[in-house]
Amino acid sequence: MRVVFLGAPGVGKGTQAERVASQYGIAKISTGDLLREAVRNQTPLGREAKGYMDQGKLVPDSVVIGLVRDKLGDPICTKGFILDGFPRTVPQAEALATVLTERGIRLGRVINFQVSRQDVVKRLSGRRSCPKCQATFHVDFAPPKQVGVCDRCGEALVQRSDDQREAIETRLKVYEEQTTPLISFYETRGLLSHLDGAGAVEAVYQNLTKVLAASTTA
């Protein structure tokens, strides 16, 4: 199973990617995780990425693609992988296609998670996280036992700056401008499937596994 999960911030693709990866014993690959790991291990690409990050600049595609290329060569990806939220742009998708061809890998399916803008804003703006143990909660869907306090360690919960309404609107605008063209990119290649991500986590997962099963037996 070799798949890409697309979708705006807050559609739940990361949660579903974790479940699918665990269920099928395959790798979950997100560029955020790759960047943090590379920086922590002080790899050449990690040091290069850190230089941009320390200056508050976006890490260029060449570095991100390099990290993905290295990860796809890891034995953990032999059984399959999920690219969670990558690629984000058509140039990244084209570079990914080149990397996959180089490694003799065929992409099986691209899943586009669809959730209304209103629901995305509600999901993201309601998130609260613990700055100490990194636990996450939601004021509506997964509230802590005590309002504003982490269940795990008792630290005061915070709302991340990028989960505030104004920041969310900016993130969604960027997504629509940069990532939406990926839908037609993969649709024309016969790889795209749409998935309603608005329901409960378990219901979405059940529908997702059906789509994945159909794609692997096609």
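Residues numbered from 1 in each chain as written. Predicted model: local features only at pLDDT ≥ 70, side-chain atom pairs only at ≥ 80, totals over all residues. Heavy atoms only, no water.

Colleague: Break down the pattern of salt bridges for me, with residues and values.
Modeller: Here the structure, examined in full by the defined rule, presents 14 salt bridges. Ionic pairing is found between Lys50 and Asp54, a salt bridge with its closest N-O pair at 2.8 Å. A residue pair is termed a helical-turn pair when its members lie 3 or 4 positions apart in one helix, as Lys50 and Asp54 do in helix H3 (residues 44-54) at four residues. Of the residues examined, Lys50 reaches a relative accessible area of 38% and is grouped as partly exposed. Judged by relative accessible area, which is 55%, Asp54 ranks as exposed. As a salt-bridge pair, Asp162 and Arg160 come within 3.0 Å of each other at their nearest N and O atoms. Assessed through its relative accessible area of 27%, Asp162 is described here as partly exposed. For Arg160, a relative accessible area of 39% gives the class partly exposed. The network of salt bridges with common partners includes Glu18, Lys28, Asp33, Arg36 and Asp84. (Salt bridge = Lys/Arg side-chain N within 4 Å of Asp/Glu carboxyl O. Helix = DSSP H or I, 4+ residues; strand = E, 2+ residues; numbered from the N terminus. Buried < 20%, exposed > 50% of the residue type's maximum accessible area, 1.4 Å probe, protein only.)

Colleague: Residues and numbers for the nonpolar core, please.
Modeller: Core analysis: the largest hydrophobic core is formed by 33 residues, its most contacted members being Ile29, Leu72, Phe81, Leu83, Leu96, Val110 and Tyr186. The set of elements that each furnish at least two residues to this core consists of strand E1 (2-6), strand E2 (27-29), helix H2 (31-41), H3, helix H4 (61-72), strand E3 (81-84), helix H5 (90-102) and helix H8 (181-187). Ignoring sequence-local partners within four residues, the contact set of Leu83 consists of Val3, Val4, Phe5, Ile29, Val68 and Leu96. Counting residues in hydrophobic clusters, the runner-up holds 24 residues, among them Ile26, Phe113, Val115 and Tyr205. (Core = buried A, V, L, I, M, F, W, Y, C linked by side-chain atoms within 4.5 Å. Contact = heavy atoms within 4.5 Å.)

Colleague: Can you lay out H4 for me, pointing to particular residues and giving the numbers?
Modeller: Helix length check: H4 (12 residues) gives 16 Å between terminal C-alpha atoms against 16 Å at 1.5 Å per residue, within 8%. Listed in full, the buried residues belonging to H4 are Val63, Val64, Ile65, Gly66, Leu67, Val68, Lys71 and Leu72. Looking at the buried side of H4, the elements it contacts are E2, H2, H3, E3 and H5. (Expected span 1.5 Å × (residues − 1).)

Colleague: I'd love a proper account of the side chain of Lys28, names of residues and values included.
Modeller: Among the structural elements, Lys28 can be located in strand E2. Within the structure, Lys28 has its side chain in polar contact with the side chain of Asp84 (distance 3.5 Å). Among residues more than four places away in sequence, those in contact with Lys28 are Gly14, Ala17, Glu18, Ala21, Asp33, Ile82 and Asp84. (Polar contact = N/O pair within 3.5 Å; in protein donor to acceptor, adjacent residues only side chain to side chain.)

Colleague: Tell me about H2, and please be specific about residues and values.
Modeller: Where H2 is concerned, the buried positions are Thr31, Leu34, Leu35 and Ala38. The buried residues of H2 occupy an angular sector of 100° when projected down its axis, which confines them to one face. Relative to its buried face, H2 has exposed residues pointing more than 90 degrees away, namely Arg36 and Arg40. Contacts from the buried residues of H2 go to E2, H3 and H4. Two residues or fewer after H2 comes Gln42, characterised by a positive phi angle close to 55°. (Arc of directions from axis to C-beta.)

Colleague: Help me get a handle on the environment of Val120, residues and values and all.
Modeller: With respect to the element layout, Val120 can be found in helix H6 (residues 117-125). Val120 sits 78 residues away from Ala198 along the chain, and the two C-alpha atoms are 9.0 Å apart. Sequence-distant contacts of Val120, defined by excluding residues within four places in its chain, comprise Pro9, Val11, Val115 and Leu172.

Colleague: Report on the sheet that holds E3, specifying residues and quantitative values.
Modeller: Spatially, the five strands line up as an open sheet ordered E2-E3-E1-E4-E7, and their pairing is parallel. Bordering the open sheet on either side are E2 and strand E7 (192-196), each of which pairs with just one other strand. The sheet shows a mean angle of 25° between the axes of neighbouring strands, direction not considered. Alignment of E1 against E3, held across four bridges, turns out to be parallel. Its bridge partner lying in E3, Val4 is registered against Leu83. Along the sheet, helix H1 (residues 13-24) makes contact with E1, E2, E3 and strand E4 (109-114), crossing E3 at roughly 170°. (Pairing = 2+ DSSP bridges. Axes fitted to C-alpha atoms, helices over the stretch in contact; angles between N-to-C directions.)

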